[in-house]
Amino acid sequence: MSTSTLTQSDMATLSEPHPSLQIYNTLSKKKEPFRTVAAGKVGIYLCGPTVYDKAHIGHMVGPVIFDCITRYLTYCGYDVNWVVNITDVDDKLINKANERGISMLEVAAENIQDYEENLAALGVDQISHFPRATDCMDEIIGFVASLVEQGFAYESAGDVYFEVGKDNQYGKLSNRSVDSMQGEGGGTAERKRGLADFALWKSAKPEEPSWGSPWGKGRPGWHIECSAMSKKLLGETFDIHGGGLDLVFPHHENEIAQSECCHSAPMVTYWAHNGLLRSDPSAGKIGGRAERADDGASASADGAGGKMSRSKGAGGLAELIAKQGGERIRFFLLRTHYRSTVLFSEPAIEEAGTGLDGFYRLFKRYTRVTGKDFYDLKAATTREAGAIDAGDDDALQAAAACRDKFLAAMDDDFNTGGAIGELFELAKITNKFCDDAGLETDGKDGSDIARFEQLLTTLKELASILGIFTQPPKQAGGADDELLGQAMQLVIDLRAEARANKNFATADAIRDGIGPLGIVLEDRAGGTEWTGGEDDTLDGLMQLLIDLRQTARANKDFATSDTIRDRLTEIGVTLEDRAGGTEWRKD
């Protein structure tokens, strides 16, 4: 029989609560003080992907959130063991392997590599273990055998089912009653004692991958894999189990039932579920899991509808990362509290990128003032070490207040959205200090520079908790980045020359041309810098240069026309004048 919420006896075995951190528990439906099974240690399990196809952005929501949670818990002094499982045996994998004429394990290996590469691009690097179901078959079979021996499961025609009626606490996570549940019907219904019973072990079909067991050759059901893998790496009771809201029922409900019946102990202290990623309020979650034949009930949850199409984000994550950049996507996902729905669109990601650009401009400012690189700053890695001794300094006092509010937001159920708001405020304080102290002018004061660096160091400390600004961003666009930079320098030089010669028509044409491309120019004492740009910036910029050249030729300004042609030639771009207009190509 499973337990309900933690009993007083259970609570007595937990560590003392953290003095300020609270986490929302799906099981109790409220925020609770954070206490751990073992003092100073945190075990986290996050349900990972079924690797039958390439990853989509929906697969990144949980990993990005829990990467941030892991970073924060580590920053607070905990030793975190974070497990993300890989389901590499499943009906979908088998079907995909048959379609492609390769083995199930080959399909899995290909998509695991894609998944891990995408995680790395989004800065998800805190995962401790990536267990695969096929590597844990002994543990899975042993877990099923224990449930059978204790009378919570039974064998039927080579299948093994969990008998839901034996667990009088079943439904406590999702608030569903057994009587309200319906089975999947079909050929398996007649093998089961109750319609809601779900499969722990499935007998092998001809030519399907299978493993030997006390009940004959077969393979595990979906739910038992996670119970067995979490027990193997985190123990019978651990601290946090994460996943999307769509997994509350039946997956997590079934995990609780089989784990707690097997061990007569709570499986998890805190159930933490993230909101789903949607294209708009009426669309289904991205990459929604279809109803499974072994669940014993509908797998839909939270009103999730159909999957988004690939063109709207379901699939093609590697392409989206190449187009938008991993840090921009991570920042977009963290702007919303993890329990809220995230509305996906590329314009929303680009908007997040605009916010990041302000920070990047501040980092360049730091380099201009100090000659150093922001990314080389050594920031505090623990909560205590980062405390600011502000004294009577107004800027440092304001920064200390921002830091306190940032940590308060993270203490309040990992509110990354609120924390990011304080990061923007800290950047504003830092820019104002730089302006007020005249740090970009001659005769700057050494003590002011030290305070400026302290402000940036605090910003880096807090940003590292979110997993951003840990290294220089990789610009979207790949091989075109260098060419774009060279073309932008030509535009900046043409603008400077036009302004010097009081050729305001050309200067205005450049201003009007780069605006729609999302490019922002900043004139500084040391020269002009640019930020921004969209996915089609290079093409738009080349068209602007072509138009400027044509205007110069029409005005018999052959010096400007030749300059554009010659400079483009130097960077490997050839212009070809045709009857229908001028075209460009990269040599």
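Everything discussed here concerns the structure shown above.
Visitor: Looking at this structure, I do not really get unusual backbone geometry. What am I missing?
Guide: Where the residue is not glycine, phi is negative for most of them; where a peptide bond is considered, it is trans in most cases. With an omega of 5°, the peptide bond running from F249 to P250 counts as cis. Tracing the backbone through its elements, the reader meets P250 in helix α7 (residues 248-263). With a phi angle near 65°, K29 is a residue other than glycine that sits in the positive phi range. Mapped onto the secondary structure, K29 falls in the loop between β1 (22-25) and β2 (30-33).

Visitor: When you look at the packing of aromatic side chains in this model, what are you seeing that I'm missing?
Guide: Where two aromatic rings form a pair, the distance of their centres and the angle of their planes describe that pair. Under the definition given, this model contains 19 aromatic pairs. Ring geometry for Y115 and F130: centres 6.4 Å apart, planes at 75°, overall edge-to-face. With a gap of 15 residues between them, Y115 in helix α4 (residues 104-121) and F130 in the loop between α4 and α5 (137-149) connect regions that are remote in the sequence. Geometrically, the ring pair formed by F363 and F374 is stacked, given 3.7 Å between the ring centres and 5° between the ring planes. With F363 in helix α10 (residues 346-370) and F374 in the loop between α10 and α11 (394-411), this residue pair connects regions lying 11 residues apart in the sequence. Note on accessibility: F363 and F374 belong to one class, buried. Of the aromatic side chains, those joined through ring pairs into one cluster are F331, F359, Y360, F363, F374, Y375, F424 and F469. One cation-aromatic arrangement involves R193 over Y154; the distance from NZ or CZ to the ring centre is 4.1 Å.

Visitor: Would you take a moment to explain the packing of helix α2 (residues 61-75) against helix α13 (residues 446-466) for this structure?
Guide: Axes are the key here: two packed helices are described by the angle between their axes and the distance separating the axes. Packing of α2 against α13 brings their axes to within 7 Å, and their N-to-C directions diverge by 130°. With respect to their mutual orientation, α2 and α13 come out oblique. Facing C68, R71, Y72 and Y75 of α2, the residues of α13 in contact are E461, S464, I465 and L466. Taken together, the residues of the contact of α2 with α13 break down into five nonpolar, one polar and two charged.

Visitor: Explain the pattern of salt bridges here, please?
Guide: A side chain with one charge may pair with a side chain of the opposite charge, provided their charged atoms come close. What the rule picks out here adds up to 41 salt bridges. A salt bridge links K323 to E346, with the nearest nitrogen and oxygen atoms 3.5 Å apart. Of the two residues, K323 is situated in helix α8 (residues 317-324) and E346 in helix α10; the sequence distance between them amounts to 23 residues. The class for K323 is partly exposed, based on a relative accessible area of 35%. Judged by relative accessible area, which is 23%, E346 ranks as partly exposed. With a closest N to O distance of 3.8 Å, R361 and E522 form a salt bridge.

Visitor: I tried to follow the environment of K92 on my own but got confused; where do I start?
Guide: Mapped onto the fold, K92 is located in helix α3 (residues 91-100). Sequence-wise, K92 and Y52 are 40 residues apart; in three dimensions their C-alpha atoms are separated by 6.1 Å.

Visitor: In this structure, what is going on with the pairing of strand β6 (residues 159-162)? I would like to understand it.
Guide: Working note: regular strand, side chains alternate between the two faces of the sheet. Burial along β6 is two-sided: the residues D159 and Y161 and V160 and F162 are all buried. Bridge analysis of strand β5 (residues 153-156) against β6 gives four bridges, and the strand direction is antiparallel. Within β6, the residue paired with A153 across the bridge is F162. Counted between consecutive antiparallel strands, the loop separating β5 from β6 contains two residues, among which A157 sits at a positive phi close to 55°. Bridge count between β6 and strand β7 (residues 198-203): three bridges; the pairing is antiparallel. Across the sheet, F162 pairs through a bridge with F198, a residue of β7.

Cut-offs used in this document
- Residues numbered from 1 in each chain as written.
- Predicted model: local features only at pLDDT ≥ 70, side-chain atom pairs only at ≥ 80, totals over all residues.
- Heavy atoms only, no water.
- Helix = DSSP H or I, 4+ residues; strand = E, 2+ residues; numbered from the N terminus.
- Phe/Tyr/Trp six-rings, centres within 6.5 Å; stacked < 30°, edge-to-face > 60°.
- Buried < 20%, exposed > 50% of the residue type's maximum accessible area, 1.4 Å probe, protein only.
- Lys NZ or Arg CZ within 6 Å of the ring centre and 35° of its normal.
- Axes fitted to C-alpha atoms, helices over the stretch in contact; angles between N-to-C directions.
- Parallel < 35°, antiparallel > 145°, perpendicular 65-115°, else oblique.
- Contact = heavy atoms within 4.5 Å.
- Nonpolar A, V, L, I, M, F, W, Y, C, P; charged D, E, K, R; others polar.
- Salt bridge = Lys/Arg side-chain N within 4 Å of Asp/Glu carboxyl O.
- Pairing = 2+ DSSP bridges.

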